[in-house]
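Coordinate analysis (summary)
Residues per chain are reported as follows:
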Amino acid sequence: MLIPHNKKTAFCLVLLTFVAFALQKIQLFATKKVVQYSCMIDKYRDFIINNQLLDGGFGYYKKDSSLAEPGFYCLLALIAFDKTIRPVEAGIKWLLSLQNNDGGWLLFKDDNLSSPLATALALIVLAEYNADKYKPIINDGKAYLEKANGFHTTKTMSQNAWGWNKGGFISIEPSAYAVIGLRKAHSTEEKRIKEAEQFFLQNRCESGGWTYGYPIDTNHPDSKKVYSIPLTPQIHITALVLMAAQGRFKPLDKDFELIIREYDKSYCPLSLALSVLAFNSYGQDARPILNRLNEIMLKDDYLAQMPFYNALSLLANLTTKGINPLCLKT
Amino acid sequence: MLENLDDQNKRLRLTRRDFLMLSAGLAAGYFIGSNLPVLFQESSKVAIVKVNQYSLNIKDILKPYFSQFNLNLKGKQVLLKPNLVDFHGEDKHITTNPAILKAAIELFGELGATIIVAEASGLRRDVNTILYYTHIKQLLRGYGVKFVDLNMDDVEKVKIPSNLTKLDYFYIPKTILNSDYIVSIPKLKTHHWMGVTLSLKNMFGIMPGIKYGWPKNKLHYAGVERSILDINYTVRPDFAIIDGVYGIEGNGPIFGDNKYLGAVVMSNDPLAADFIAARLIEVNPEKVNYLKFAAVQLNYSLAPLGNIKNIKVFGNSINSIKQPFRLLDEFKYLRS
């Protein structure tokens, strides 16, 4: 049906007004969100800086001793924000003090064994901070990870992957960290990375994603009736494997779907922040997960008072500015 | 994750030979005339308290029995260690019920103690999610009680006095070491490798995952029974409150079935509490390997982890409460 000229003009004007109004609202909303993320970035950064310990490190909790995992994440987050700020320099000195004689990194000052997880995180931090300046140190750490042994295998988990510590079993989480660390340090140790990838691929949970190791719980072997129960995948481990897989093997849709299905039930900043970084690494919309993370950090004072979770939250929020140090550009 | 550790566990299972060697060592200690620690002279007391439902005021039910332990903890830091190993839905009784934890907070709080609740969850890194879904988060907020995730605590290297694992040292969370009094508050469950899991096994959950892996896999490799004993010799719990209102039978500790018992077991001798709790589910504790070893003197300088001779049971009788919890085939021998 033809609309009379004057009516058509009126209709167009109304339509344009409506569109303009909608656009304005969307822009306002978007601006508001950006402002909100910026505020969160400042809040998390300030908290981390204010809770740096005298030795330059950070603990999981406020006023704890410095420990590798929270400390290295705090440093990584500060470097991602601005590597020239003063706390970073002191932090790097502390990080270097935790390097063990074998090239790996200890979890804390009086630790007895190098940790693949701590070493991988140290490599990521140094690679982000100044890879050229710290090349020899990075090379030592890389060599440790490439050769690290003493992890036990089983009949179904027989790959030459990594464990939490010497004397423990190979496990998905430290293996994912080791792969990310080696790739950030440009390792050419292709064989071991491939073994770890086989380990990931062979131990995927039935419903997608990954748990600590073998995805089936079995009971005692002497039992006449053997129970084999699929284990629940863990969000943070799945996110880590997704990041380790970037540009290497293609994750399945169900790996991402697990996170989409579970994130809004999680109260764990580690799981949520790593999921944001993983989704961002694959160019997927991570804002709903990020909003969930910010929401629980705002509501839960217990979480808000932990440098470790502030660091993870800062890293996750920095993805809104296009910054993601765990994105492995290939 | 823990499949195929069976050969390892079989290899590391404490055997009759170990038992005989320990006895020989102990006898040698006697002959040498060293300072043999004074074995418990008095009988241990264990309270069995009928608790029909979690919805009741459990503190009021437990208090008359609890007060008989005459604890003097005014001004002391008391650490409550529930079992928060994982969460599989509110209708699955794999974790310590918040009603039992609430009663413990109130009972020890009334003694004038400062309460801390702590756990290093064995199957979840994100214990915060478990705290929310078990409603323990809300409980702790309401009482202003501090929670410490022991997986993230500062640690200290501590020599293992028994050293059955041959690890020599444990890295123990400082919150544990700085506490004056440790209360193990497990869920009463059968266990697919150990037979039963009670207050001594619950102490597995103080060990930090960042050092021992998830699910504490380094300790599994070192031998679960040996680890349980070494952990308890290194950090002895002072008191046990075993949540047996609902427990888990069959393929516990995670995938078994709910089983109603309607009881709480308390003692200032956690080993004695475990012995009595085992009898309540018609398990012979003397056949549970790690409990058997916990009851003997490991060497001339280490007293047993508790006193199981002539345990004085008060409150309700074993016979008035007991009922068989289903056991996996390989643990049927525990019934006799």
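Residues numbered from 1 in each chain as written. Chains lettered and ligands numbered in written order. Predicted model: local features only at pLDDT ≥ 70, side-chain atom pairs only at ≥ 80, totals over all residues. Heavy atoms only, no water.

The subject of this paragraph is the overall build of chain A. Helix and strand content of chain A: 13 helices and 2 strands. Taking all 330 residues of chain A together, the buried fraction comes to 56%. Within chain A, contacts between residues separated by at least 24 positions form 64% of all contacts whose residues are at least 6 apart in sequence. Looking at chain A as shown, the accessible area adds up to about 14,600 Å², and 56% of this sits on carbon and sulfur atoms. (Helix = DSSP H or I, 4+ residues; strand = E, 2+ residues; numbered from the N terminus. Buried < 20%, exposed > 50% of the residue type's maximum accessible area, 1.4 Å probe, protein only. Contact = heavy atoms within 4.5 Å. Areas by Shrake-Rupley, 256 points an atom, 1.4 Å probe, with all protein chains shown as cover.)

Looking only at helices and strands, one finds 14 helices and 12 strands in chain B. Classification of the 336 residues of chain B by burial places 65% in the buried group. For chain B, the proportion of contacts with a sequence separation of at least 24, taken over those separated by at least 6, is 78%. Looking at chain B as shown, the accessible area adds up to about 12,100 Å², and 50% of this sits on carbon and sulfur atoms.

Turning next to the packing of aromatic side chains. Taken as a whole, this structure holds 27 aromatic pairs over all chains when the rule is applied. Judged by centre distance (3.6 Å) and plane angle (15 degrees), the ring pair of Tyr267 of chain A and Tyr132 of chain B falls under stacked. With Tyr267 of chain A in the loop between helix H9 (253-262) and helix H10 (269-281) and Tyr132 of chain B in helix H5 (residues 127-133), this residue pair bridges two chains. Here Tyr267 of chain A falls in the partly exposed class, since its relative accessible area comes to 21%. Ring centres of Tyr302 of chain A and Phe147 of chain B lie 6.2 Å apart, and the angle between their planes is 65 degrees; on these two criteria the pair is classed as edge-to-face. A residue pair is termed interchain when its members come from two chains, as with Tyr302 of chain A in helix H12 (residues 301-304) and Phe147 of chain B in strand S4 (residues 146-149). (Phe/Tyr/Trp six-rings, centres within 6.5 Å; stacked < 30°, edge-to-face > 60°.)

All names here are of chain B. Per-residue confidence for chain B gives a mean pLDDT of 90; residues scoring 70 or more make up 89%. A low-confidence stretch, residues 29-40 (pLDDT under 50), is modelled with 19 contacts involving residues beyond four sequence positions or located in other chains. Scoring the predicted complex yields pTM 0.90 and, for the interface, ipTM 0.89. (pLDDT = per-residue confidence, 0-100.)

Our focus in this paragraph is the pairing of strand S11 (residues 257-267) of chain B. Residues and elements named next belong to chain B. Among the 11 residues of S11, 8 are classified as buried, and the element is accordingly described as predominantly covered. Note: strand S1 (residues 45-50) against S11, 5 bridges, orientation antiparallel. By the bridge assignment for S11, Lys50 is matched with Ala263. Taken together, the 9 bridges between strand S10 (residues 239-249) and S11 define a ladder with antiparallel strand orientation. Note that in S11 the partner of Ile242 across the bridge is Val265. (Pairing = 2+ DSSP bridges.)

Next up on the list: the environment of His88 of chain B. Residues and elements named next belong to chain B. Among the secondary structure elements, His88 is positioned in the loop between strand S2 (77-82) and helix H4 (98-110). On the basis of relative accessibility, which here comes to 27%, the residue His88 falls in the partly exposed class. Residues His88 and Phe255, spaced 167 residues apart in sequence, show a C-alpha to C-alpha distance of 9.0 Å. Apart from the residues within four sequence positions on either side, His88 is in contact with Ile94, Ile254 and Phe255. Within the structure, the side chain of His88 is placed 3.1 Å from the side chain of Asp86, a separation counted as a polar contact. (Polar contact = N/O pair within 3.5 Å; in protein donor to acceptor, adjacent residues only side chain to side chain.)

By secondary structure assignment, the location of Asn307 of chain B is in the loop between helix H13 (289-294) and strand S12 (312-315). Here the side chain of Asn307 of chain B touches Lys309 of chain B through a polar contact of 3.1 Å, landing on its backbone nitrogen.

With 58 residues of chain A at the interface, the matching set in chain B holds 46 residues. Note on chain A versus chain B: buried area summed over both sides is about 4,500 Å², and carbon and sulfur give 56% of it. The tally of links between chain A and chain B comes to 5 salt bridges. The interface formed by chain A and chain B contains 20 residue pairs in polar contact (both at pLDDT 80 or more). Elements with a contribution of two residues or more to the side of chain A that touches chain B: strand S1 (216-218), H10, H12 and helix H13 (307-318) of chain A. With 3 residues, S1 of chain A is the single largest residue contributor to the side of chain A that touches chain B. For the side of chain A that touches chain B, a count of residues per class yields 26 nonpolar, 18 polar and 14 charged. (Buried area = accessible area lost by both parts, 1.4 Å probe. Salt bridge = Lys/Arg side-chain N within 4 Å of Asp/Glu carboxyl O. Nonpolar A, V, L, I, M, F, W, Y, C, P; charged D, E, K, R; others polar.)

One finds Phe72, Phe200 and Leu274 of chain A together with Leu80 and Phe108 of chain B to be the most contacted residues of the largest nonpolar core, which totals 219 residues. Apart from residues lying up to four places away in sequence, Phe72 of chain A is in contact with Leu67, Trp94, Leu95, Leu98, Trp105, Ala118, Leu121, Ala122 and Val125 of chain A. Residues Ile94, Ile248, Ile254 and Phe255 of chain B belong to the second largest nonpolar core, which totals 6 residues. (Core = buried A, V, L, I, M, F, W, Y, C linked by side-chain atoms within 4.5 Å.)

All names here are of chain B. Burial analysis of strand S8 (residues 187-191) places 5 of its 5 residues in the buried class, which makes it a mostly covered element. Across 2 bridges, the pairing between S8 and S10 is parallel. Its bridge partner lying in S10, Lys189 is registered against Ile248. A loop of 3 residues connects S8 with strand S9 (residues 195-197), the two strands running antiparallel in sequence.

Residues and elements named next belong to chain A. Considering the arrangement of structural elements, one finds Phe249 in the loop between helix H8 (235-245) and H9. Distance from Phe249 to Arg261, taken between C-alpha atoms, is 22 Å for residues 12 residues apart in sequence. Residues within four places of Phe249 in sequence aside, it is in contact with Glu197, Phe200, Leu201 and Val241.

Attention now goes to the packing of H10 of chain A against H13 of chain A. Residues and elements named next belong to chain A. The contact between H10 and H13 brings their axes to 9 Å, and the two run at 20 degrees. In terms of orientation, H10 lies roughly parallel with respect to H13. The two elements H10 and H13 cross, and the hand of that crossing is left-handed. Contacts from Pro269, Leu270, Ala273, Leu274, Val276 and Leu277 of H10 reach H13 at Phe308, Tyr309, Leu312, Ser313, Leu315 and Ala316. (Axes fitted to C-alpha atoms, helices over the stretch in contact; angles between N-to-C directions. Parallel < 35°, antiparallel > 145°, perpendicular 65-115°, else oblique. Left-handed = near helix turned anticlockwise from the far one by under 90°.)

Cis peptide bonds are those with omega within 30 degrees of zero, and the linkage from Trp214 of chain B to Pro215 of chain B qualifies with -10 degrees. By the element assignment, Pro215 of chain B lies in the loop between helix H9 (209-212) and helix H10 (217-221). Cis geometry marks the peptide bond from Gly252 of chain B to Pro253 of chain B; its omega dihedral reads 10 degrees. Of note, Pro253 of chain B is situated in the loop between S10 and S11. With a phi angle near 65 degrees, Lys63 of chain A is a residue other than glycine that sits in the positive phi range. Of note, the phi angle at Lys166 of chain B is positive, near 65 degrees, even though the residue is not glycine. Tracing the sequence through the fold places Lys166 of chain B in the loop between strand S5 (155-159) and strand S6 (169-173).

Another point: the packing of helix H6 (residues 172-184) of chain A against H8 of chain A. All names here are of chain A. Two elements in contact, H6 and H8, have axes whose closest approach is 9 Å; the angle formed by their N-to-C orientations is 30 degrees. Classified by the angle between their axes, H6 and H8 sit roughly parallel to one another. For the crossing formed where H6 meets H8, the hand is left-handed. Note on element contacts: H8 touches H6 through His236, Ile237, Leu240, Val241, Met243, Ala244 and Ala245, opposite Ile172, Glu173, Ala176, Tyr177, Val179, Ile180 and Arg183. In terms of residue class, the contact of H6 with H8 is made up of 11 nonpolar, 1 polar and 2 charged.

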